[in-house]
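The residues making up each chain are set out below.
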Amino acid sequence: MSWFSLTADEWEAVRLSLRVATVAMLASMPFAVAMAWLLARRDFWGKSLVNGLVHLPLVLPPVVTGYLLLLGFGTRGPLGSFLAEFGIVFAFRWTGAALACAIMGFPLMVRAIRLSIEAVDMRLEQASATLGANAVWVFLTVTLPLTLPGIIAGMILCFAKAMGEFGATITFVSNIPGETQTLPSAIYTLTQVPGGDAGALRLTAISVVISLGALMVSEYLARRAGQRIAA
Amino acid sequence: MSLLVDVEMILGDFSLAARFDSPGPVTAIFGASGSGKTSLVNVIAGLRRPERGQVLLNGEALLDTARHIDLPPHRRRIGYVFQDARLFPHLTVSANLAYGEWFTPRAARYALRLQILDLLGIGHLLARRPRDLSGGEKQRVAIGRALLASPRLLLMDEPLASLDAARKAEIMPYLERLRDEIRIPIVYVSHSVNEVMRLASTIAVMEGGRLKAFGPASDIAQRLDLVPEEEREEAGVILDMTVKQHDPATGLTELASAAGRFFVPGTIAPGGATARVRIRARDVMLAAEEPRHISALNIVPGIVAEVLAAGPHAVTVRLDCNGEAVIARITRHSAGQLGLRPGTRAFAIIKAVSVAGPAARARP
């Protein structure tokens, strides 16, 4: 076996990580857009509390977030047992890893989109309303397209965060090869066993390439979208 | 058309209270910046909600706080041309123009795309993006976008203010064609005497959040006290005249008004049509006796109605010329020499007149 080729387990970790990160990014996007719009454009009672809760995963130790998820979505947790009745299980499944990653990446995505919505000139939204567009159409035809660079940037940030998420994931769904062992968990495991250095190094290289690639793609997409809508 | 606006609102430490009922078709809201003009049109558009107020368009309530009626902007069908164009940067000119059209119910559409493209001269811009347009082009596209939504009323908030003199001169004829060809009721906000006098049929003068004067353009034009100091040079009267005939030999067109006959260069309109003529006070000289052997084409007799101070060394004199007013701005010295007092006879020697297109009279 050559030094460069990955073992089956290592491949599995890479594939799983990509899947978890992609699902986390796509599934949280609509919620992030809605939350960002709410925080950017609406004043309501308890706004600072909501804002604080959204940002909490950013400042809490990831282990705490993972443990809270375990308490809430575990098999005996209130949400976990409720959802289990509909066949939705997060605990010790890859879906749980995706949930943990989505929650950890959520504040990053919301921040990027919120800044972008705040930068949209509200006078354009007024113009849209005088031309006959109701609030939903104003959002869909003016606010959303002009926010696109921020949404792309936010999604990629969330993806990159999900690729690197470790603490919350391992606490919530453990480290089961083939099910919940993502790239960082696999690297961690390899560093704990004798002779795992080569594997850990290979996965580290992959991790660097994917993260760097994601950042470059996001820069490129955001720049292109920005050029298209520049006034 | 009839537009009733009655508004009371508080904006920080500024309060706005105004009420007028305009027969249109072009209502100008005139006043210095900060006088509350834009707030007033924002109330008409529904972008601002006053503490108390009423906006009735042809009798239909768009806003009536007493009856708890407040149509949101998108249901008012009022076009709004903003000072800063506000074209959608992510859409082409063509998509910008189609935007309002798309939201207008089919049965309510009256605007014809080709006619409007032609009227505004924007047909060649369709594939461009707003960032590739000049200021004047942007404003014309913004007017087209508002018109293609087939609005019941068009609001224009200082549409020329952000443009330089050359661009202003470029857009003005389009606005006059808009008034005369599309015949849509317009509310035109401006601080420029020149724009207001060229376009308006009814004028509301705002000052410090209050309505200072309101009435037909020809009446308001005579009120020199309404013209701000820095715009005094542009003060003058407007007379609606009847086109008599054009003489190809001299190149002059004869116009008739109660004040007398006027001759202006060029052809204006077919005989029988009405034309709006503007005479600025600084273009009028006064004589105590009928002048003879003089190059000026237009001399009308009148009786001095009013002499008002205009700065330390000048006065403005309002002549009653058989019911029509002509205003002259002359030096205080000259007024003394001629012995001008209310009741004395004088002749107005008019050095220049400008014809501002067919009269903006209310149409049936």
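Residues numbered from 1 in each chain as written. Chains lettered and ligands numbered in written order. Predicted model: local features only at pLDDT ≥ 70, side-chain atom pairs only at ≥ 80, totals over all residues. Heavy atoms only, no water.

On to the overall build of chain B, then. Along its length, chain B carries 8 helices and 21 strands. Its C-alpha atoms put chain B at 65 × 50 × 35 Å along the principal axes. Counting every position in chain B, which comprises 364 residues, the buried fraction comes to 53%. Contacts in chain B between residues at least 24 apart in sequence constitute 65% of all its contacts with a sequence separation of at least 6. Entry remark: accessible area of chain B is about 15500 Å², with carbon and sulfur atoms responsible for 51%. Counting 45 positive and 38 negative side-chain charges, chain B places the averaged centre of each group 4 Å from the other. (Helix = DSSP H or I, 4+ residues; strand = E, 2+ residues; numbered from the N terminus. Buried < 20%, exposed > 50% of the residue type's maximum accessible area, 1.4 Å probe, protein only. Contact = heavy atoms within 4.5 Å. Areas by Shrake-Rupley, 256 points an atom, 1.4 Å probe, with all protein chains shown as cover. Lys, Arg positive; Asp, Glu negative; His and termini not counted. Charge placed at Lys NZ, Arg CZ, Asp CG, Glu CD.)

In terms of helices and strands, chain A carries 10 helices and 0 strands. Counting from the amino terminus, helix and strand elements in chain A follow one another as α-α-α-α-α-α-α-α-α-α. Viewed in the frame of its principal axes, chain A has a C-alpha envelope of about 70 × 40 × 30 Å. The buried share of chain A, taken over its 231 residues, is 45%. Considering only residue pairs separated by 6 or more positions, chain A has 73% of its internal contacts joining residues 24 or more positions apart. Carbon and sulfur atoms form 70% of the exposed surface of chain A, whose accessible area is close to 11800 Å².

Residue and element names in this part refer to chain A. Viewed as axis vectors pointing N to C, helix H1 (residues 8-41) and helix H5 (residues 94-119) meet at an angle of 40 degrees, and their least axial separation amounts to 6 Å. Viewed along their axes, H1 and H5 adopt a mutual orientation that is oblique. Crossing of H1 against H5: the hand is right-handed. Looking at the contact of H1 with H5 residue by residue, the class counts come to 24 nonpolar, 1 polar and 4 charged. (Axes fitted to C-alpha atoms, helices over the stretch in contact; angles between N-to-C directions. Parallel < 35°, antiparallel > 145°, perpendicular 65-115°, else oblique. Left-handed = near helix turned anticlockwise from the far one by under 90°. Nonpolar A, V, L, I, M, F, W, Y, C, P; charged D, E, K, R; others polar.)

Moving on: the sheet that holds strand S21 (residues 354-355) of chain B. Residues and elements named next belong to chain B. Ordered by their spatial adjacency, 5 strands build an open sheet running S14-S13-S12-S15-S21, and the pairing between neighbours is antiparallel. Because the sheet does not close on itself, it has two edges, and the strands there are strand S14 (260-265) and S21. Note: strand S15 (residues 274-280) against S21, 2 bridges, orientation antiparallel. Each bridged residue has a counterpart across the sheet, and for Arg278 the counterpart in S21 is Ser354. (Pairing = 2+ DSSP bridges.)

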